[in-house]
Amino acid sequence: MPVIRTLSKVAKQALLNPGCGCQPITVAVRTISFSPRQVTSDASFHSVSFSETDHPKVLITGGLGQLGVGLAKRLRKRFGNNNVILSDIRKPPSHVFHSGPFIYSDILDYKNLREIVVNNRITWLVHYSALLSAVGEANVSLARDVNITGLHNILDIAAEHGLRLFVPSTIGAFGPTSPRNPTPDLCVQRPRTIYGVSKVHAELMGEYYHHRYGLDFRCLRYPGIISADSQPGGGTTDYAVAIFHDAVKTGKFECNLKPETRLPMMYIDDCLRATVEMMEAPADTLSMRTYNINAMSFSPEELAQEVQKQLPDLEVTYDIDQVRQAIADSWPMNFDDSNARNDWGWKHDYDLPELVQTMLNYIGSDSRISQAN
Ligand SMILES: NC(=O)C1=CN([C@@H]2O[C@H](COP(=O)(O)OP(=O)(O)OC[C@H]3O[C@@H](n4cnc5c(N)ncnc54)[C@H](O)[C@@H]3O)[C@@H](O)[C@H]2O)C=CC1
Ligand SMILES: CC(=O)[C@H](N)C(=O)O
């Protein structure tokens, strides 16, 4: 019973030490390879540590959404094509299927997840599967399954196999009682969406597994992400992508948020670079395991004005979606990301003018190419 005795001693210490300086506890727990699903007998046998390999072997869940394909491209450039596996429950488009390894993975299927991790000797797991804020409100029970039960599977697999785990959180992890302008890393978090509740749960569970089992959990709270070559999956910030496509294609845009609704936003390149930087940051630079990151903050009115500098004929009208508006009104207006900047050197490249120029160049050239074909 020495393992159990050590474990209970460690647990007692962790509970008595409410501060975050839990490094010695982390080391002690990792040594005994205690697994949250009680797979204790051979846990150290199949645990693969990052230092065993030159490059991490990465699995991305929910990889066919707005962010996964871009992240895979970036990681493949860095670590080699075959070292990054995209997975999802949807059928990949042909260009994605032929650009590198793709595998079916439903995060609700624990055995299937474990098989993928073991067979491919995965060392890093980027967990992107989720239902976003607006679709989550439309299907609460599915959002609860995917965002909460799915996360439990991911945490247990990551802890059992010694993986480095990245789970994104969001500005949506805050609520109406949080300070909104700006919102710091540590403050009241009482979100009013199932999406936000599930993300606070993910932050807390990940940090708990870090302190309790030594899991190398890393989490960034993303703002609304804006991308030209991938579509958003049903969130409150989606208008800030749609405006560019509609402006180029029809010259008209109907916005579903009020003109003055201010939210933190970020161009996808900054978001994906932040993710890789956070994953590669030495553990001793991380004073926390969950950080806000930010780039810019604007309202639909301000975004429309910036687009109109390039496309003066753009007509913008407003038809408010009450569900999205209520969500946006409870979210941060500005995000304080000073801890990320101080601890591991986070710095964004794109402000509003560069964002607008880049999006219009990309979508404009894309639509010229499709017209020519
Ligand atoms: N896009 C954004 O503006 C932001 C995204 N995030 C977070 O980043 C992550 C990625 O976001 P997006 O790519 O925008 O999401 P998305 O909604 O575009 O894609 C999510 C993917 O998860 C997959 N999925 C759903 N159920 C699944 C299941 N049972 N098993 C496996 N996969 C499943 C879907 O098929 C989809 O491809 C999410 O966790 C999201 O919460 C956070 C803040 C902002
Ligand atoms: C900010 C997010 O998390 C996402 N884009 C959403 O609007 O739900």
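Scoring rules and cut-offs
- Residues numbered from 1 in each chain as written.
- Chains lettered and ligands numbered in written order.
- Predicted model: local features only at pLDDT ≥ 70, side-chain atom pairs only at ≥ 80, totals over all residues.
- Heavy atoms only, no water.
- Disulfide = S-S within 2.5 Å.
- Buried < 20%, exposed > 50% of the residue type's maximum accessible area, 1.4 Å probe, protein only.
- Phe/Tyr/Trp six-rings, centres within 6.5 Å; stacked < 30°, edge-to-face > 60°.
- Helix = DSSP H or I, 4+ residues; strand = E, 2+ residues; numbered from the N terminus.
- Near = heavy atom within 4 Å.
- Polar contact = N/O pair within 3.5 Å; in protein donor to acceptor, adjacent residues only side chain to side chain.
- Areas by Shrake-Rupley, 256 points an atom, 1.4 Å probe, with all protein chains shown as cover.
- Nonpolar A, V, L, I, M, F, W, Y, C, P; charged D, E, K, R; others polar.
- UniProt positions renumbered as here; feature names shortened; annotations may be inferred.

> Quick one: what's the story with the state of the cysteines, residue by residue and with numbers?
As used in these notes, a disulfide is a covalent bond between sulfur atoms, one from each of two cysteines. Taken as a whole and judged by the stated rule, the model has zero disulfides. No disulfide involves Cys187; its nearest neighbouring cysteine sulfur is the one of Cys219, lying 14 Å away. Given the relative accessible area of 25%, Cys187 is considered partly exposed.

> Account for the packing of aromatic side chains, naming residues and giving values.
This model, assessed by the stated rule, comprises 10 aromatic pairs. Ring centres 6.5 Å apart and planes at 70 degrees place the aromatic pair Tyr128 and Tyr222 in the edge-to-face group. With a gap of 94 residues between them, Tyr128 in the loop between β4 (124-127) and α6 (133-138) and Tyr222 in strand β7 (residues 216-222) connect regions that are remote in the sequence. Look at Tyr291 and Trp344: their rings are 6.0 Å apart centre to centre, the planes differ by 80 degrees, and that puts the pair in the edge-to-face class. Linking Tyr291 in strand β11 (residues 290-292) with Trp344 in helix α13 (residues 338-344), this pair joins segments that are 53 residues apart in sequence.

> Residue-level account of the site of ligand 2, with values.
Around ligand 2 sit Leu132, Ser133, Thr170, Ile171, Tyr195, Gly224, Gly235, Thr236, Thr237 and Trp331, and those are all the residues in its vicinity. Take Thr170: an N or O atom from its side chain is 2.7 Å from an oxygen atom of ligand 2. The contact in question runs from a nitrogen atom of ligand 2 to an N or O atom on the side chain of Thr237, over 2.9 Å. With the chains in place, 93% of the 250 Å² that ligand 2 exposes on its own is no longer accessible. Across the shell around ligand 2, the residue classes break down as four nonpolar, six polar and no charged.

> Now, about the UniProt feature "domain: NAD-dependent epimerase/dehydratase" (unreviewed entry) in the protein: what can you tell me, with residues and values included?
In this structure's numbering, the residues bearing the UniProt feature "domain: NAD-dependent epimerase/dehydratase" (unreviewed entry) are residues 58-293. Taken as a whole, residues 58-293 contains 41% helix and 18% strand, while its terminal C-alpha atoms sit 23 Å from one another.

> Provide a residue-level description of the site of ligand 1, including the pertinent values.
Near ligand 1 lie 26 residues; those nearest to it are Gln66, Asp88, Arg90, Tyr195 and Ile225. In this structure, Ile107 approaches ligand 1 through a main-chain N or O atom, which is 3.1 Å from a nitrogen atom. Elements that contribute at least two residues to the shell around ligand 1 include exactly β6 (169-170), α8 (194-213) and β8 (224-226). For the shell around ligand 1, a count of residues per class yields 13 nonpolar, nine polar and four charged.

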